[in-house]
Amino acid sequence: MTTLREATIIIPKSRPAFYKGDYANLESNWTTRALVVDRLRRAFGGVTITECEGHWAGDGEENIIEPVWIITVPAKDNVETIAFLKLCALFANDRGRQVCTYVRYPDGTVELVG
């Protein structure tokens, strides 16, 4: 039996965490979520989505709080999985006009992909 581990991608629910560009041209985050989820579901067989809050320090150390989706998949710990998760994160960046997206790989390593 193949051992699977959890991997996650976190995307903003209401506005991009690391925003770039004009809000008037912002792709719907719901559309971004649907497209990312579809790619992950097809690649890994299923996803679990958790709604929660992200807290991070902005410029000047102010506390930025935003609603986010944590998208979790069962994944093999290999280079193909890492490459695919990075591609999904870059896709989310492009669609959501973000500078980076938080990804946790199956080995537990975390990266802000951007």
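Look up a bit, the structure's there.
Cut-offs used in this document
- Residues numbered from 1 in each chain as written.
- Predicted model: local features only at pLDDT ≥ 70, side-chain atom pairs only at ≥ 80, totals over all residues.
- Heavy atoms only, no water.
- Axes fitted to C-alpha atoms, helices over the stretch in contact; angles between N-to-C directions.
- Helix = DSSP H or I, 4+ residues; strand = E, 2+ residues; numbered from the N terminus.
- Parallel < 35°, antiparallel > 145°, perpendicular 65-115°, else oblique.
- Left-handed = near helix turned anticlockwise from the far one by under 90°.
- Contact = heavy atoms within 4.5 Å.
- Nonpolar A, V, L, I, M, F, W, Y, C, P; charged D, E, K, R; others polar.
- Phe/Tyr/Trp six-rings, centres within 6.5 Å; stacked < 30°, edge-to-face > 60°.
- Buried < 20%, exposed > 50% of the residue type's maximum accessible area, 1.4 Å probe, protein only.
- Core = buried A, V, L, I, M, F, W, Y, C linked by side-chain atoms within 4.5 Å.

(A) Structural view of the packing of helix α1 (residues 29-44) against helix α2 (residues 79-96). Interaxial distance between α1 and α2 falls to 9 Å at its minimum, and their mutual angle equals 165°. When the axis of α1 is compared with that of α2, the two are roughly antiparallel. Taken as a pair, α1 and α2 cross one another with a handedness that is right-handed. Two secondary-structure elements touch here, α1 through Asn-29, Thr-31, Thr-32, Leu-35, Val-36, Arg-39, Leu-40, Ala-43 and Phe-44 and α2 through Thr-81, Phe-84, Leu-85, Cys-88, Phe-91, Ala-92, Arg-95 and Gly-96. Partitioned by chemical class, the residues of the contact of α1 with α2 number 10 nonpolar, five polar and two charged.

(B) Summary view of the packing of aromatic side chains. For the structure on display, the rule yields two aromatic pairs. Seen in terms of ring centroids, Trp-30 and Trp-69 are 4.8 Å apart; in terms of plane orientation they differ by 75°. Their pairing is edge-to-face. Here Trp-69 lies in strand β3 (residues 63-75) and Trp-30 lies in helix α1, a separation of 39 residues in the sequence. An angle of 70° between the planes, with centres 5.8 Å apart, marks the rings of Phe-44 and Phe-84 as edge-to-face. With Phe-44 in helix α1 and Phe-84 in helix α2, this residue pair connects regions lying 40 residues apart in the sequence. With a relative accessible area of 17%, Phe-44 lands in the buried category.

(C) Broad picture of the nonpolar core. The biggest cluster of nonpolar side chains holds 19 residues, and the ones touching the most others in it are Ile-9, Leu-40, Ile-71, Leu-85 and Val-103. For this core, the elements supplying multiple residues, two or more each, are β1 (5-12), α1, β3 and α2. Per-element accounting of this core gives the leading share, five residues, to α2. In this structure, Ile-71 is in contact with Ala-7, Thr-8, Ile-9, Ile-11, Val-36, Val-37, Leu-40, Val-47, Thr-48 and Ile-49, ignoring residues within four places of it in sequence.

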